[in-house]
Amino acid sequence: RTRCRNFPGLVNNTSIDWFTPWPKQALDAVATVFLNQNNNLIVEDMFPKVVSHVVTTHLSLTDYSARFLARLRRPNYVTPKNYLDYISSYTRLLIDKDKLVVGQCERLESGMAKIKEAREQLAVLSAKLDTQKVILEKKTRECDELVQTIETSTKTANTKKASAEVAAKEIEKQSKVIAVEKKGAEDALAEALPALEAARLALDDLDKNDVTEIRSFAKPPKAVQSVCECVVVVKGIKEISWKSAKAMMSDPGFLMQLKTLDVDGITGNQMKQVKATLKTMDTTYDEMKQISRAGAGLYKFVTAVVGYCEVAREIKPKRDLVANLEKEFAQAKRSLDKTVNEVKNLESQLEKLGAQYKEAMSEKEQLREEADLMQRRLVAADKLISGLSSENERWTKDLAALKIKRVKLLGDCLLGAAFLSYLGAFSVDFRMEAFEQDWQQKIKEAEIPMTEPFKLEELLTDDVEISKWNSEGLPPDELSIQNGILTTQASRFPYCIDPQEQAISWIKHKENDHNLKICTMNDPDFLKHLEMSIKYGFPFLFKDCDEYLDPVIDNVLEKNIKARGYVNRSQAPKGASGREFIMLGDKEVDYDPNFRLYLTSKLPNPKLTPSHFGKSMVINYQVTLKGLEDQLLSVIVGFERKELEENRERLIQETSHNKKLLKDLEDALLRELATSTGNMLDNVELVQTLEETKTKATEVMEKLTEAVRTSADIEKLRDGYRPAAKRGAILFFVLSDMATVSPMYQYSLANYLEVFKISLKKSIPDSILEKRLRNIIDTLTYNVYNYACTGLFEKHKLLYSFQMTVQIELNESRVNQEELNFFIKGNISLEKSKRQKPHKWMPDQGWEDVIKLSEVFPDDFGNLVDEVEKNGKKWQEWYELETPERSSFPINSYNSVSPIRKLLLLRCFRVDRVFRAMQDYVAETMGEKYNKPPVINFEAIFETSSPNVPIVFILSPGTEPANDLMKLADRVGMGTSKLKMLAMGQGQEKNALTLLEQCVARGLWLLLQNCHLLVKWLRELEKALEKITKPHPDFRLWLTTDPTPDFPIGILQRSMKVVTEPPNGLMLNLRSTFFKIPSGAFADAVHDSFGPLVFVLAFFHAVVQERRKYGKVGWNIPYDFNESDFQVCMQIVDTYLTKAAEQRDTKLPWNSLKYLIGEVMYGGRAIDSFDRRILNTYMDEYMGDFIFDTFQPFHFFKNSEIDYNIPQPKEGERPTKETYSEYIDSLPISNTPEVFGLHLNAEIGYYTQQAKDVWIQLIEMQPQTGDTGTGISRDDFIGNIAQDVLSKLPQPYDLDKIRKKYGLDVSPTTVVLLQEIERFNNLINRMERSLKELKRALAGEVGMSAELDEVSKALFNGQLPAIWRKLAPRYPENSG
């Protein structure tokens, strides 16, 4: 509509084609065609039922979406694209799950077949083993006999071998002795042998002639004869004579005989004869040589023989011994050789026997191995059969279950696909209603097979995956797990509505290792990063998405992936390989199938269009009360019972691990069974795996059983802390609801958790659980109240404390929603009751409310109408009281009703006292402290701040926190040199970012003022803050801004918000003023009057500020009196009093003080003379010597209930800051206008308007349920009111007729009358037109515009629509 109005040419030059929702027939036809393509998985008789359910599911979403919008003001659009997605998801799920189940069936069947095979082999092996045992026994006997023979032979051989070895040793010993003796004899002979050899050589010199020469002697020389006779003796010739000698020498071989003479054979007698002959000769060799050459030669020979024989005779015993020994040695050697030969023969025999034995043993071993193998196979078969008997039973059951599951996939996948396609945007209640109560029931009625009870997690994920998600930061509650499934399993990319940033945190952890890229739509280079991610298959996150999605990413969102040569990838034939790409703008980008896209929005309720729902999977990540309760329970238990929470987390991890282990063990066993080749019984690994599996599986099953028991015990202990967690969850939701009142009230769950943890630390410990819980709940509630009030405007603080109180009471069932609705709306029917108002003093609307109250709550107020009619006087007296909310009701029975119902009753009579009554209700229910918001304490703000948390000052008129911040900087050592300030405005963007970088690095403070002037730039600031990972510990960022709806939610959520505004109420204002006065100011004062005068000044300051809330009655023109006015005036008082003290002047300069304070400081702001007169009157009333009069004490105001005066210290003491603070704390929170010198009625208008404002804001914070309390739908209810108003609208005045009537006689009053009539006509026409349009919109004839939606909401809530209010007359008065 807006686009058509902006571009009228579109309407003028085009024809409009209205696309209405697809009718049932069209849906039916589409489902039939698309599901027919995979008909083999859908049984023929089930096909019509499946198609019918698909159509019914799609159509049911229209009703759910309408109710979702009516109740939670959240749109959900169901387009034909969702329908097609539902069908394709169903087909995909059916194929994938069927494939999975078939695969599991085949594995189990294979495993069971192997067990059957083992059973068959067992019988065959048993028979074979019996035969083999007989053969083995025979072979064993033969081998034993052979062994005995070998042993006997070996024994004999060994004996002989041993004796041979002994003999060999003896021979060796003998040979050594012989060698020694022989050597001794030979050595001795060796000395004589050379002479003998020399004699023999000398014989060579002789020849026959020489011998003939001697023989020729008839009578030789005596010496020659003696020598020859010696030779005769040596030769052993018996006759020793010359004749014998001659005969000897006549032998031709005489010389040769001498040479070969056996010298050793010469006897001892022969030697004696020779020696005697030689002795008688007494001749030397030389002398003999001279006598005869031959004689000399024979002489030399004889002497040599004599020499030799002498030696030989000496060594003869030795030589004999040697000869004997050698003889014995030869005998022993022969004996040894014989024995050795025998041993060799025996060894040869043994070798043959050994070979026979080896052969026999080999045969025996082979038989034994075969028998062992058979035995092993028997054992293995037995183990497999006995070990897998339980598995076999389980697998048989599992197989049967899988076959049933395969049939039931038909219904399961219908539910799973519907969930993935339609339920992302819904809250958990709507999901459960549609999923469990509606669709499952319809599947049962249609008799489509379905698993009961159906668990979504079992179909679409598993425990292991869920545990992994939880470890990555996804909360463990049901909604979060469902969201995790939608994020990972949906066919479209997820668009996460994530105000608490749980989704973005999880996605960052989940994709951290996969090179996640994070951008926003406002980044100038996001397309470049997106292109890289698509090309290389990286995950990509668009954060802070709002209602606008850049059309450039449409192809990516819709997954329009093209294959080279085909218009779309779906047209490419199966198995066709080619380049896949996607069009990003005008650029072809290669598409990696691993690419994942995420979109997140921090907006709690973004106004999404059907386009968003068609292109992406909208997922509602908003935390639920139950989900947050579980998260906070983990935090509490982790703090209180750390070991318990650690045990629980460990137990979850162990259970998950054990389940995975059990599955892995079974998978390994089935894999071994399936992949075992050859004889299965020889597969040692298989049998080993079986044994390990059995052992581990038993252990794991025991652990899982123990885990279930332990888990139940832990949960029981944890549930003890649940009340505190529940309170924490309620408080967070109350805090979050404040965003509907003002866009500046944004709170992140992360920051809230910090407040939650601090509260746990600060709460008083107690060993008794109930008391400890009470301490935690009280501390937490009050801390959250203080945390919230620091960032709330004064006008919203009571609203917050009331909403907090009511939500806690609702949870405790002490208040019900009907009571709250009546309190907020009263009787919103335009039809006046038939029963007439009995008393004139009663307001008309009050009477209608009384009737409605008696109808809605007959148990307490059934007789209220009659009692008001009967006891009018009593009720009037109560009605006219100044504070009826604090007085008893006229009828005693109403004093005992619940506090909330007292409020309802008061609402009927005195709307102006409701605001005060709400304060009393909060005080009565929660405690008085919940009406006393904390004073803004800059030290406390600094202490609770951190370098990563900016502090945002939300400004109100006349406030400027810069001065207080500078003082704080001085106090904490961050003087002016370390505090950088920059007033934001055009052109300051770069300077601000540069300063931010410097301050982050150097640990300085940075104050950016008036950020509302550069709201668009704040997005850049948000990005810069997110990039800061490790700031300097001293760094702080302070921002000041006016309230603006465009302030980035990201900064507001992560920041600490501080509203700088004077408190509402005299007591709170005084408390705030005195809080900021340093304690030393009173101690350092030199004049005793300083304390009282400062209190008077503070009281005056509070009074002039409080008068503002009474509008024109307070001031003709509203003025921004602020803290700086008070601070300057206090300095003036101090200066004048110090001067008076120094001059010892007893009189105070009242006129100067009055003039400077009343006329200059405060009066300088007042531009109206009457307002200035009021200021001067206050000066005269509050300043003068009379304030120190002890005889007639001074009172600012005094009545029977309260006395406002100047507190006096104890006698003799000077007043301190504590003196005044204690007095201020004793004052009532609320006060009457009389304290300011105004009439009591001055507050009626103020309190009435305050009550109405609170009601309007409370209406905004309530869920917009379709229940009207009258049994009709919201739309019908609005339609009836619209018709009722239309029927009562007067006809517009005929202006022309009236002008004619007055003619030319027109007075000023007539001119005003005509103008008023014209305005009145405009109002009537506008009302009539909008009501008629609204009725058409409700009937579906035209679209529901934002304007009509606002009118319908106002009529439903019993309020005046804004478009009518604009045209209604308003007469503001210029003065009070």
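Bear in mind the structure is a predicted one, so any value in this text is a computation, not a measurement.

About the cut-offs
Residues numbered from 1 in each chain as written. Predicted model: local features only at pLDDT ≥ 70, side-chain atom pairs only at ≥ 80, totals over all residues. Heavy atoms only, no water. Helix = DSSP H or I, 4+ residues; strand = E, 2+ residues; numbered from the N terminus. Expected span 1.5 Å × (residues − 1). Pairing = 2+ DSSP bridges. Axes fitted to C-alpha atoms, helices over the stretch in contact; angles between N-to-C directions. Contact = heavy atoms within 4.5 Å. Salt bridge = Lys/Arg side-chain N within 4 Å of Asp/Glu carboxyl O. Buried < 20%, exposed > 50% of the residue type's maximum accessible area, 1.4 Å probe, protein only. pLDDT = per-residue confidence, 0-100. Core = buried A, V, L, I, M, F, W, Y, C linked by side-chain atoms within 4.5 Å.

**A closer look at helix H27 (residues 794-811)**
Relative to the 26 Å expected for 18 residues at 1.5 Å per residue, H27 spans 27 Å between its end C-alpha atoms, a close match to the ideal helical length. A positive phi of about 65 degrees marks Ser 813, the residue just after H27.

**Things to note about the sheet that holds strand E10 (residues 979-983)**
The five strands are arranged E10-E11-E12-E9-E13 in an open sheet whose pairing can be described as parallel. Every other strand in the sheet has two partners, leaving E10 and strand E13 (1056-1060) as the edge strands with one partner each. Looking at each pair of strands side by side, their axes are set apart by 20 degrees on average, direction ignored. Where E10 and strand E11 (residues 1005-1009) come together, five bridges link them in parallel fashion. Bridge pairing in E11 links Ala 983 to Gln 1009. Taken strand by strand, helix H37 (residues 989-1002) contacts E10, E11 and strand E12 (1036-1041), and its axis lies near 160 degrees from that of E11.

**Observations regarding the sheet that holds strand E6 (residues 587-590)**
Spatial strand order, E4-E5-E6: three strands in an open sheet with antiparallel pairing. This sheet does not close on itself; its edge strands, each paired only once, are strand E4 (561-563) and E6. On average, each strand axis in the sheet is tilted by 45 degrees relative to the strand beside it, whichever way the strands run.

**Regarding the pattern of salt bridges**
Across all of its chains, the model carries 55 salt bridges by this definition. Notably, a salt bridge pairs Lys 1076 with Glu 1123, separated by 2.8 Å at the nearest N-O pair. Separated by 47 residues along the polypeptide, Lys 1076 in the loop between helix H40 (1066-1075) and helix H41 (1080-1084) and Glu 1123 in helix H43 (residues 1123-1142) bring together distant segments of the chain. According to the relative accessible area criterion, Lys 1076 is partly exposed, its value standing at 28%. Here Glu 1123 falls in the partly exposed class, since its relative accessible area comes to 26%. In this structure, Asp 1088 and Arg 1214 form a salt bridge, with 3.6 Å as the shortest nitrogen-oxygen distance. Taken as a pair, Asp 1088 in the loop between H41 and helix H42 (1090-1106) and Arg 1214 in the loop between strand E15 (1203-1205) and helix H46 (1217-1226) lie far apart in primary sequence, 126 residues in all. Beyond isolated ion pairs, a larger network of salt bridges with shared partners links Glu 501, Lys 543, Asp 544, Lys 602, Glu 1022 and Glu 1026.

**Side note on unusual backbone geometry**
What you tend to see is this: most non-glycine residues have negative phi, and most peptide bonds are trans. With an omega of -10 degrees, the peptide bond running from Glu 452 to Pro 453 counts as cis. Checked against the element boundaries, Pro 453 lands in the loop between helix H13 (428-445) and helix H14 (456-460). We note that Asn 515 has phi near 65 degrees; this positive angle belongs to a residue other than glycine. Phi at Lys 559 is positive, roughly 55 degrees, even though this residue is not glycine. For Lys 559, the location among the structural elements is in the loop between helix H19 (554-557) and E4.

**Looking at the confidence of the model for the protein chain**
Model confidence for the protein chain is summarised by a mean pLDDT of 84, while 92% of its residues fall at 70 or above. The spread of mean pLDDT over the elements of the protein chain runs between helix H1 (residues 2-6), the lowest at 71, and strand E3 (residues 539-542), the highest at 94. A low-confidence stretch, residues 1266-1270 (pLDDT under 50), is modelled with nine contacts involving residues beyond four sequence positions or located in other chains. Confidence drops under a pLDDT of 50 for residues 1372-1376, and excluding neighbours within four residues, the segment shows eight contacts in the predicted structure.

**A closer look at helix H50 (residues 1308-1339)**
Residues three or four positions apart in an α-helix share a direction because the helix packs 3.6 residues into each turn. Between its first and last C-alpha atoms H50 spans 47 Å; for 32 residues at 1.5 Å apiece the expected length is 46 Å, and the two agree. Buried within H50 are the following residues: Thr 1310, Leu 1314, Ile 1317, Asn 1321, Leu 1323, Ile 1324, Arg 1326, Met 1327, Ser 1330, Leu 1331, Leu 1334 and Ala 1337. Where the residues of H50 are buried, they touch helix H48 (1274-1288), helix H49 (1295-1302), helix H51 (1346-1357) and helix H52 (1362-1367). The positive-phi residue at the C-terminal boundary of H50 is Gly 1340, with phi of around 85 degrees.

**Notes on the nonpolar core**
Counting residues in each nonpolar core, the largest one holds 177 residues, and the members touching the most others are Tyr 752, Tyr 800, Phe 823, Trp 875, Phe 909, Leu 1008 and Phe 1100. Apart from the residues lying within four places of it in its own chain, the contact partners of Phe 823 are Phe 802, Leu 903, Leu 904, Arg 907, Val 914, Met 918, Trp 1255 and Leu 1258. If you look at the next biggest cluster of nonpolar residues, it comprises 72 residues, including Val 51, Leu 108, Ile 115 and Leu 409.

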